[in-house]
Amino acid sequence: MKKVVHAACPHDCPDACGVLITVENGLATKIQGDPAHPITRGFLCGKVAKYLDRVYSPERVLYPMRRVLPKGPEVKAGNFPGPGSTPAFKRITWDEALDEIASRFRTIVAEYGAEAILPYSYGGTLAVLNGASMDRRFFHRLGASQLDRTICSMAGEEGLKSVIGVKLGTEPEQFRDSRYIIAWGANIHGNNVHLWPFIAEARRVGAKLVVIDPYRTRTARCADWYLPINPGTDAALALAMMHVIINEHLFDADYVARYTLGFEQLRAKVQEYPPERAAQWTGIPATDIVKLAREYATTRPAVVRVNYGVQRSECGGMSTRTIAMLPCITGSWQQAGGGLQLSTSGAYGLNREALQRENLMQESLGRSARTVNMVELGKSLNALDNPPVKALFVYNSNPAAVCPNHNDVVRGLHRSDLFTVVHEQFLTDTTDYADIVLPATTFFEHKDLQTAYGHYYLQISDQAIEPLGECRSNVEVFRALAQRMGFQEDCFRETVDEMIDLALGSDDPWLAGVERERLAREKHVRLNFGAARQSNPGFEKANGEGARATQHNPFLPFAQGNFRTPSGKAELYNERLKAQGLDPVAAFLPPDESRHGEHAKAFPLELLARKADNFLNSTFSNLPSIQQMEEPGLLELNGADARARGIADGDRVRVFNKRGEIVLKARVDGAVQPGVVSAHLNWAKLTPGNRNINVLTSEKLTDMGNSATFYSVLVEVELKKPAA
Ligand SMILES: Nc1nc2c(c(=O)[nH]1)N[C@H]1C(S)=C(S)[C@@H](COP(=O)(O)OP(=O)(O)OC[C@H]3O[C@@H](n4cnc5c(=O)[nH]c(N)nc54)[C@H](O)[C@@H]3O)O[C@H]1N2
Ligand SMILES: Nc1nc2c(c(=O)[nH]1)N[C@H]1C(S)=C(S)[C@@H](COP(=O)(O)OP(=O)(O)OC[C@H]3O[C@@H](n4cnc5c(=O)[nH]c(N)nc54)[C@H](O)[C@@H]3O)O[C@H]1N2
Ligand code: SF4
Ligand SMILES: [Mo]
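Criteria and thresholds
- Residues numbered from 1 in each chain as written.
- Chains lettered and ligands numbered in written order.
- Predicted model: local features only at pLDDT ≥ 70, side-chain atom pairs only at ≥ 80, totals over all residues.
- Heavy atoms only, no water.
- Phe/Tyr/Trp six-rings, centres within 6.5 Å; stacked < 30°, edge-to-face > 60°.
- Helix = DSSP H or I, 4+ residues; strand = E, 2+ residues; numbered from the N terminus.
- Buried < 20%, exposed > 50% of the residue type's maximum accessible area, 1.4 Å probe, protein only.
- Lys NZ or Arg CZ within 6 Å of the ring centre and 35° of its normal.
- Arc of directions from axis to C-beta.
- Contact = heavy atoms within 4.5 Å.
- Near = heavy atom within 4 Å.
- Polar contact = N/O pair within 3.5 Å; in protein donor to acceptor, adjacent residues only side chain to side chain.
- Areas by Shrake-Rupley, 256 points an atom, 1.4 Å probe, with all protein chains shown as cover.
- Salt bridge = Lys/Arg side-chain N within 4 Å of Asp/Glu carboxyl O.
- 1 Å grid on protein atoms, 1.4 Å probe; cavity = no way out; pocket = protein on both sides within 12 Å on 5 of 7 lines; lining within 4 Å.
- Points joined across faces, edges and corners; volume = space filled by probe spheres on them.
- Domains from an automatic or database assignment.
- Pairing = 2+ DSSP bridges.
- Axes fitted to C-alpha atoms, helices over the stretch in contact; angles between N-to-C directions.

### Points about the packing of aromatic side chains
- Applying the stated criterion across every chain, the model contains 27 aromatic pairs.
- With a centroid separation of 5.0 Å and an interplanar angle of 50°, the aromatic rings of Tyr-51 and Phe-443 are classed as tilted. Taken as a pair, Tyr-51 in helix α2 (residues 51–55) and Phe-443 in the loop between β17 (436–439) and β18 (448–450) lie far apart in primary sequence, 392 residues in all. Each member of the pair, Tyr-51 together with Phe-443, is buried.
- Both rings, one in Tyr-51 and one in Phe-620, keep their centres 5.9 Å apart while their planes meet at 65°; by these two values the pair is edge-to-face. Within this pair, whereas Tyr-51 is found in helix α2, its partner Phe-620 is found in the loop between β22 (605–610) and α26 (624–627), the two being separated by 569 residues in sequence. Judged on exposure class, the residue Tyr-51 and its partner Phe-620 are both buried.
- Through successive ring pairs, a cluster of aromatic residues spans Phe-138, Phe-139, Phe-393, Tyr-395, Phe-478, Phe-487 and Phe-492.
- The positively charged end of Arg-91 is found above the aromatic ring belonging to Tyr-63, 3.5 Å away from the centroid.
- Of note, Arg-277 hangs over the ring of Tyr-273, and the distance from its end group to the ring centre comes to 5.8 Å.

Right, here's the structure in full:
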């Protein structure tokens, strides 16, 4: 018995690939990229190409378990005794696990109120149902604390929306029509690899690729022009570019007049940012800033792929805001292959309200529950009061690895009076602090609906194999828990197909004609942006009469304005920013924790606490076949900084600041410029001392969106003396 099942990769990645899984006699035997998927085009990234190793790993959690040893990382790397038989845990039945969770929750609700229970989830799966549906219904009905899910993208989202009002951007397919491509804080080869072939296609006919990144990524090494920038200074660069574009009249006066608000205020503001001034902050010579501005504004079509790297610093919201202004003043939104992409997720107008049922919270509490920012988990576990956090339910996340200020997070997780449940596929850093571990399915083992944040296709992900062991999906776990808690609402009994229908049954015009049956037939469906355009005037204007974009009906959301701001225009002046204490036009403020700030003397190096190209945040980092592709435990530093500290390539070094320290291996490789060091995220327990790079990061929040500041971190590095 052999079949090929269509699924969609649900990992936290813009590409949301179409996947084909070959199943023989109930066993998955092969995974490949769907050749018919317009973005995946038949190939997968290195980590998911090896996904059978993950699904069938001997380290999968397959049964519910209860802790029998004190909390803490006992299960060491390379010393894994196998599922269901770790020394720290004892296997129990699902009934025992659910009964214990329900009874602990009831006791906590009675004594402290439901807000003493905190759900904690993020990007384990981004699929629609297992990402946010039954779980939200459950916690809303319970009246638990709300989690503010800010760890990744909120600063950028707020910055972008402050200009264009919505998370929409240039289609990846259109990059092949572009002639000037700026990858701005966008690690395309590492994090968004399916965009690359479209860029390669454009370059074959002469497009120029510019990379702006403080780290020499693989994308930077392939670029026509690489501009290393000091971390956190992008707003200064964008403002200086606009200084040139506006003062040299390189903007599209017609587009600006019709579709933007506040251009005169912007014109006045950019006068404070001449290229010479921005050069001092950014480290990019003024002549290069001028050249970049001129080339960007005069080459058509020109597109910016800005990714979330720029917004992980203290002024990340403002950085994104200023970059988002660029296509609004050059008018490049009018051309196929123009515009900007940060995220496409705003296009999916699914009926989230019906999936998540926020009204259940109002009904059970009579008000909204308090909100806890996920970035501040350490602070919340250790210091929150009225009520304190007495129970934590973690799923789709590994906070003991990914949260900033790791030492505080772990201190909180260690609390013996904290009841922690973790629903997981593996025994992660976070299960090391769980009282109860529940086994989770992978996307091979459940059905779901998949959106994307890097393209505009909706997909059905079919179940390929039966769940391994006693694994259950997030949907099924929260359905069972709702039943144990005695929740009677019908929504807790809806089937997966009913929920998919509910999600699709919104009145959003872009979902018109997109039904479950059609998705089952076609596997991926482009959102319904309307009939093919007869002509593409913007493209013709840029490329000469009769010129046609390679795509027959490019999606040009802002070709005629239609911004989703309150004014309907691109808001170069935004009154609402004032209320947040921000400049309503834009401003560059050097990060507090930066080489310009007060900590700079004791901790003179800026750390980029980066993601690994072959892991996905902390996911995949425990799998031997993936580890072979990635060298963990490195600190990359510049030759000048290494020499000044007597450090040679391969030395063990101590990296530290006032929050913590970690020992890594020095790699002097030219990836970073002087003053910057870089290291990768990994599971804490895979590093000696059970700590990862987040011992150095802080809970400080960004200027907009209350996001994390993983890339505004100061450290010092010294040679680790051998033990006496
Ligand atoms: N292989 C792989 N793919 C992934 C992930 C992964 O961990 N591994 N993570 C996924 C997730 S959760 C996300 S959010 C996306 C994120 O994808 P990206 O947005 O690409 O995320 P980052 O890697 O955080 O940052 C991108 C680049 O920004 C650079 N950068 C850092 N600080 C600055 C700055 O101040 N200015 C500028 N101009 N650049 C800066 C970094 O050096 C990095 O090369 O990727 C997803 N895809
Ligand atoms: N230093 C540093 N820290 C960072 C970042 C960084 O760049 N540097 N990046 C930040 C960013 S952008 C993000 S998005 C966050 C990511 O934070 P998380 O979303 O916590 O990311 P992961 O480490 O991928 O952990 C996801 C976990 O979910 C589990 N999982 C997968 N599928 C399922 C499922 O269906 N059900 C259940 N119950 N579990 C499942 C996986 O096994 C995995 O352990 O990390 C942030 N932390
Ligand atoms: S992680 Fe990203 S690139 Fe890799 S298969 Fe999944 S969606 Fe595609
Ligand atoms: Mo993320």
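### Concerning helix α8 (residues 196–204)
- Every buried residue belonging to α8 is among Trp-196, Phe-198, Ile-199 and Ala-202, and all of these are buried. For α8, the angular spread of buried residues about the axis comes to 160°, placing them on one side.
- Looking at the buried positions of α8, the neighbouring elements they touch are β8 (180–184), α7 (188–191), β9 (208–212) and α9 (218–222).
- Of the residues flanking the end of α8, it is Gly-206, one or two places downstream, whose phi is positive at about 100°.

### What about the environment of Pro-275?
- Structurally, the position occupied by Pro-275 is in helix α13 (residues 275–282).
- Each C-alpha atom, one on Pro-275 and one on Leu-239, is 8.7 Å from the other, the two residues being 36 residues apart in sequence.
- Not counting chain neighbours up to four residues away, the residues in contact with Pro-275 comprise Ala-240, His-243, Val-244, Ala-286, Ile-289 and Val-290.

### Description of the site of ligand 1
- Surrounding ligand 1, one finds 33 residues, the nearest of these being Asp-213, Tyr-308, Arg-610, Phe-615 and Tyr-711.
- Residue Asp-213 places a side-chain N or O atom 2.6 Å away from an oxygen atom belonging to ligand 1.
- Between ligand 1 and the protein, one listed contact pairs a nitrogen atom with a side-chain N or O atom of Asp-234 at 2.7 Å.
- Taking 910 Å² as the accessible area of ligand 1 by itself, protein coverage stands at 99%.

### Details of the pattern of salt bridges
- One pass over the structure, following the stated rule, counts 43 salt bridges.
- The salt bridge involving Arg-526 is made with Glu-171; its shortest N-O contact spans 2.7 Å. Here Arg-526 is found in strand β20 (residues 524–526), whereas its partner Glu-171 is found in the loop between α6 (154–164) and β8, with 355 residues between them in sequence. The burial state of Arg-526 is the same as that of Glu-171; both residues are buried.
- Connected via shared salt-bridge partners are Lys-447, Asp-497, Asp-501 and Arg-516.

### Some points on the layout of surface pockets
- Its boundaries defined by the atoms lining it, the largest pocket holds a volume of some 1200 Å³.
- Around the largest pocket, the lining is made up of 42 residues, and of these Tyr-122, Ala-132, Arg-136, Arg-149 and Arg-352 lie nearest the centre.
- When residues of the lining of the largest pocket are traced back to their parent elements, those giving at least two are α4 (128–131), α5 (134–142), β7 (146–148), α6 and α16 (352–356).
- Here the lining of the largest pocket spans two domains, since at least three of its residues come from each of domain 1 (2–69 + 89–151 + 350–504) and domain 2 (156–342 + 557–580).
- In this structure, the second largest pocket occupies an estimated 460 Å³ of space.
- For the second largest pocket, the lining is made up of 25 residues, of which Arg-218, Arg-221, Asp-613, Asn-614 and Glu-630 are closest to its centre.
- For the lining of the second largest pocket, the elements supplying multiple residues, two or more each, are α1 (46–49), α7, α9 and β23 (634–637).

### Considerations on the sheet that holds strand β12 (residues 302–306)
- Strand order across the open sheet formed by five strands is β10-β9-β8-β12-β13, with parallel pairing between neighbours. Where the open sheet ends on each side, the last strands, each with one partner, are β10 (225–227) and β13 (339–341). This sheet shows a mean twist of 15° between the axes of neighbouring strands, independent of strand direction.
- Sitting on the sheet, helix α10 (residues 234–247) is in contact with β8 and β9, with an inclination near 155° to β8.

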